[in-house]
Amino acid sequence: MNNKIIAGNWKMYKSWQEATKYADEIKSIVSVNELSDNVDLLIFPPFLYIQYYSDAFKNSKVHIGAQNCHNESQGAYTGEVSANMIRSIGATHVIIGHSERRQYFNEFNSLLEKKIHSALFHGLNVIYCCGETLEQRKSNLHFDTVEKQIKEVLSSEYLNDYSKKIAIAYEPVWAIGTGKNATPDQAVEMHQFIRNTISDIVNEKIAKEFAVLYGGSVKPENASEYFSNADINGALIGGACLDPNSFMEIYKAMN
Ligand code: PGA
């Protein structure tokens, strides 16, 4: 992966008709082959649409990923999808540890470590999410929380061997889908803390080059403010990516 990334997480939105229209709209806004070589554009639709998206953007600079994967490669896990399956239909990325997965599906750090292991083993790039709740921030536990989320999940082996295949998305839970984005200063402070944490685990060089994205109410109106800071290497976008024009405006702000 590049260390500059704009990623759109659709979550559980869009019908099939809306999903196919969206692909056409993205293609009409920008010739996808003329996208920058330096900024990765990633789309994370629901599982059902991944095959369609992988085909629609085949051999282009748009990369497709899944919003989650199971930690085993296969097995009797009704309703689940493995990293192996995701890779086999042409997707290249996966989001792991999104706060909605942690909150509603009880995904905890030791499970997320296994999911990352499986994703990397099957050749997927990983966007690993971390971030504190409002209560944790109010209690001044935000740094401890994020440090734990990183240290319990990303081993020195992963960070050494896969530093170009993992990005971290810092997403304060209180800023997700609320319209209350973290200030650029709050984001930068945490991104620097994340880099220091990576540096503790491996070394300063890897920490400096590591892709650290911000997520939480990013929109066209506030994107450039984040991206003007060298510690913010892009964004993981929810609500604003559902509109192809807003999504591409944010992408342009990164260039
Ligand atoms: P949001 O979501 O942009 O709607 O706040 C971000 C995310 O959940 O990744």
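Residues numbered from 1 in each chain as written. Predicted model: local features only at pLDDT ≥ 70, side-chain atom pairs only at ≥ 80, totals over all residues. Heavy atoms only, no water.

A. Main features of the overall build of the protein. Secondary structure summary: the protein contains 12 helices and eight strands in total. Its C-alpha atoms give the protein a radius of gyration of 17 Å, within 12% of the compact-globule value 18 Å for 255 residues. In terms of principal-axis extent, the alpha carbons of the protein reach across some 45 × 45 × 35 Å. Accessible surface, the protein as shown: approximately 11,600 Å² in total, 48% of it carbon and sulfur. Computed over 24 positive and 30 negative side-chain charges, the separation of the two mean positions in the protein equals 2 Å. (Helix = DSSP H or I, 4+ residues; strand = E, 2+ residues; numbered from the N terminus. Rg over C-alpha atoms; globule rule 2.2 N^0.38 Å. Areas by Shrake-Rupley, 256 points an atom, 1.4 Å probe, with all protein chains shown as cover. Lys, Arg positive; Asp, Glu negative; His and termini not counted. Charge placed at Lys NZ, Arg CZ, Asp CG, Glu CD.)

B. Local environment of the site of the ligand. Taken together, 13 residues lie around the ligand, and K11, H98, E171, G177 and S217 are the ones closest in. Note that an oxygen atom of the ligand is positioned 2.9 Å from one of the backbone N or O atoms of G238. The contact in question runs from an oxygen atom of the ligand to an N or O atom on the backbone of G239, over 2.8 Å. Here the ligand loses 96% of its free accessible area of 280 Å² to cover by the protein chains. Residue classes in the shell around the ligand are distributed as four nonpolar, seven polar and two charged. (Near = heavy atom within 4 Å. Polar contact = N/O pair within 3.5 Å; in protein donor to acceptor, adjacent residues only side chain to side chain. Nonpolar A, V, L, I, M, F, W, Y, C, P; charged D, E, K, R; others polar.)

C. Quick peek at the sheet that holds strand β7 (residues 211-215). The eight strands are arranged β1-β2-β3-β4-β5-β6-β7-β8 in a closed barrel whose pairing can be described as parallel. Between one strand axis and the next, the sheet turns by 25° as a mean value, whatever way the strands run. In the sheet, strand β2 (residues 40-44) pairs with strand β3 (residues 62-66) via three bridges, with the strands oriented parallel. Bridged to L42 within β3 is H63. (Pairing = 2+ DSSP bridges. Axes fitted to C-alpha atoms, helices over the stretch in contact; angles between N-to-C directions.)

D. Inspection of the side chain of N68 at higher detail. Here N68 shows up in the loop between β3 and α3 (83-88). Residue N68 is classed as buried on the basis of its relative accessible area of 7%. Within the local environment of N68, its side chain forms a polar contact with the side chain of K115, the two groups lying 2.8 Å apart. With near-sequence residues (within four places) excluded, N68 lies in contact with F47, I86, V94, I95, R101, E107 and K115. (Buried < 20%, exposed > 50% of the residue type's maximum accessible area, 1.4 Å probe, protein only. Contact = heavy atoms within 4.5 Å.)

E. The arrangement of helix α1 (residues 16-29) in detail. Taking 1.5 Å per residue, 14 residues should reach 20 Å; α1 reaches 20 Å between its end C-alpha atoms and fits that length. Burial in α1 covers these residues: A19, T20, Y22, A23 and I26. Axial view of α1: buried residues confined to an arc of 150°, hence all on one face. Opposite its buried face, α1 presents the exposed residues Q17, K21 and S28, each directed more than 90 degrees away. In the core, the buried residues of α1 are packed alongside β2, α2 (50-56) and α12 (244-254). (Expected span 1.5 Å × (residues − 1). Arc of directions from axis to C-beta.)

F. Local environment of the environment of S99. You can see S99 is positioned in helix α4 (residues 99-104). When the C-alpha positions of S99 and T133 are compared, they lie 9.2 Å apart, and in sequence the two are 34 residues distant. Beyond its immediate chain neighbours, meaning those up to four positions away, S99 contacts V173 and I176.

G. Structural context of the side chain of H70. Mapped onto the fold, H70 is located in the loop between β3 and α3. A polar contact is formed between the side chain of H70 and the backbone nitrogen of E72, at a distance of 2.9 Å. In this structure H70 touches Y77, E80, V81, S82, A83, K115 and S118, once residues within four positions along its chain are discounted.

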